[in-house]
Amino acid sequence: MMTARRIAVVAGSAVLMYLMAGCQVATNSTGPQQNGQTGTVTRVIDGDTVDVSISGRAERVRLVGLNAPEISHDGHRADCHGDASAAHARAQLAGHVVTVEADPGQPEMDAYGRRLAYLQLDGRDVGAELIHEGAAVVYTYDRAHPFNRRDAYQRAQDDARTHGRGVWSASTCAGDFDR
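Residue indices follow the written sequence of each chain, beginning from 1 at its first position. In view of the model being predicted, local features appear only for residues whose pLDDT reaches at least 70, and side-chain atom pairs are presented and counted only at 80 or more, with totals across whole chains, interfaces and linings using the full set of residues. Hydrogens and water molecules were not included; the side-chain quantities draw on all heavy atoms of the structure.

Colleague: Quick one: what's the story with the pattern of salt bridges, residue by residue and with numbers?
Modeller: Between side chains of opposite charge, a pair can form when the charged atoms approach closely. Whenever a carboxyl oxygen of Asp or Glu lies within 4 Å of a side-chain nitrogen of Lys or Arg, that contact is scored as a salt bridge. Scanning the entire structure with this criterion turns up 10 salt bridges. In this structure, E59 and R57 form a salt bridge, with 2.7 Å as the shortest nitrogen-oxygen distance. Between buried and exposed lies partly exposed: a residue is buried under 20% and exposed over 50% of the maximum accessible area for its type, with that area taken using a 1.4 Å probe on protein chains only. By relative accessible area, which is 13% here, E59 ends up buried. For the salt bridge of E59 with R115, the shortest nitrogen-to-oxygen distance reads 3.0 Å. In this pair, E59 sits in strand β3 (residues 57–63) while R115 sits in strand β6 (residues 115–121), placing the two residues 56 residues apart along the sequence. Looking at R115, the relative accessible area reads 3%, which means it is buried. Through salt bridges with shared partners, a single ionic network connects R57, E59 and R115. Counting from the N terminus, the helices are DSSP H or I runs at least four residues long and the strands are E runs at least two residues long.

Colleague: Please set out the pairing of β3 residue by residue, giving values where relevant.
Modeller: Bridge count for strand β2 (residues 49–54) against β3 is 6 bridges, and the pairing is antiparallel. By the bridge assignment, V50 is partnered in β3 with V61. Between β2 and β3, which follow one another and run antiparallel, lie 2 residues, and S55 among them has a positive phi close to 55°. Strand direction decides the pairing type here: β3 and β6, joined by 3 bridges, are parallel. Looking at β6, one finds that R62 is bridged to L116. Strand pairing is assigned whenever DSSP detects at least two bridges linking the two strands.

Colleague: Can you lay out the layout of surface pockets for me, pointing to particular residues and giving the numbers?
Modeller: Cavity means a closed set of points on a 1 Å grid over the protein atoms alone, one where a 1.4 Å probe fits but cannot get out, pocket means an open set with protein on both sides within 12 Å along at least 5 of 7 lines, and lining means a residue has an atom within 4 Å of a point. Grid points are joined across faces, edges and corners, and a volume is the space filled by probe spheres set on the points. Its boundaries defined by the atoms lining it, the largest pocket holds a volume of some 600 Å³. As for the largest pocket, its lining consists of 27 residues, of which R62, D110, Y112, R114 and L116 are closest to the centre. Counting residues per element, the ones that place at least two in the lining of the largest pocket are β1 (37–46), β3 and β4 (66–67). In terms of residue count, β3 provides more of the lining of the largest pocket than any other element does, 3 residues in total. Class assignment of the residues belonging to the lining of the largest pocket gives a composition of 13 nonpolar, 6 polar and 8 charged. The nonpolar class holds Ala, Val, Leu, Ile, Met, Phe, Trp, Tyr, Cys and Pro. Asp, Glu, Lys and Arg form the charged class, and all remaining residues, Gly among them, are polar.

Colleague: Could you give an account of the state of the cysteines, naming the residues involved and the relevant values?
Modeller: Two cysteine sulfur atoms make up a disulfide if the distance between them is within 2.5 Å. Applying the stated criterion to the full structure yields 1 disulfide. With a sulfur-sulfur separation of 2.0 Å, C80 is cross-linked through a disulfide to C173. Of note, the bridge from C80 to C173 carries an S-S torsion of about -105° and is left-handed in sense. Here the residue C80 occupies a position in the loop between β4 and α2 (82–93), and C173 occupies one in the segment after α4 (150–162), the gap between them amounting to 93 residues. Neither residue differs from the other here; C80 and C173 are each classed as buried.

Colleague: Residues and numbers for the side chain of S169, please.
Modeller: Residue position: S169 is located in the segment after α4. The contact partners of S169, leaving out residues within four places of it in the chain, are G164 and A174. In this analysis, two residues are considered to be in contact whenever any of their non-hydrogen atoms come within 4.5 Å of each other.

Colleague: Please set out the environment of H132 residue by residue, giving values where relevant.
Modeller: On the secondary structure map, H132 appears in helix α3 (residues 126–132). When its relative accessible area of 29% is taken as the criterion, H132 is described as partly exposed. The sequence separation of H132 and D159 amounts to 27 residues, and the corresponding C-alpha distance is 6.6 Å. Sequence-distant contacts of H132, that is, excluding residues within four places in its chain, are made with A156, D159, A160 and R165.

Spatial relationships are all this shows, so hold off on functional conclusions.
Below, the structure is given as structure tokens:
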């Protein structure tokens with residue numbers, strides 16, 4: 001016959017095993033964990049898109065939470081400050097080892113097959129720095145599901161706008177890329 005204590009231990013173990021199995025299912029159902037992967041930036045496409053070599057495999061990464069002016073491509077002219085934005089990103093990232101971090105509230109990939117992620121360089125958030133320098137602006141793809149760092153990025157943008165840096169300068173775009 002089982003004692004009350006033994007019944008409690010068995011029941012507690014069963015509950016713990018059930019919860020652990022549920023956690024495993026939840027983890028696997030969201031896809032592979034991507035936070036903390038490191039890689040080397042092999043190419044800067046523009047101010048918000050880079051190629052990163054992770055474990056010998058090239059991945060195109062679109063930075064979450066920001067939008068940079070476009071460079072000239074496919075017969076289209078560059079947006080206002082597009083070349084300067086890309087040059088800023090290139091100077092900051094090209095050849096550097098970065099940490100690629102997913103935002104759990106955002107899709108893994110965008111409509112163009114690019115991995116959506118934050119980049120960390122020497123412990124610094126690259127996206128926040130690009131916004132702070134005026135090389136990019138805050139961009140929320142789905143307002144119903146804003147990215148996790150939106151408040152910090154908004155503060156960085158407010159500071160860039162207040163101080164007229166990059167795209168916010170009256171001598172460049174005054175915040176309007178299409179100018």
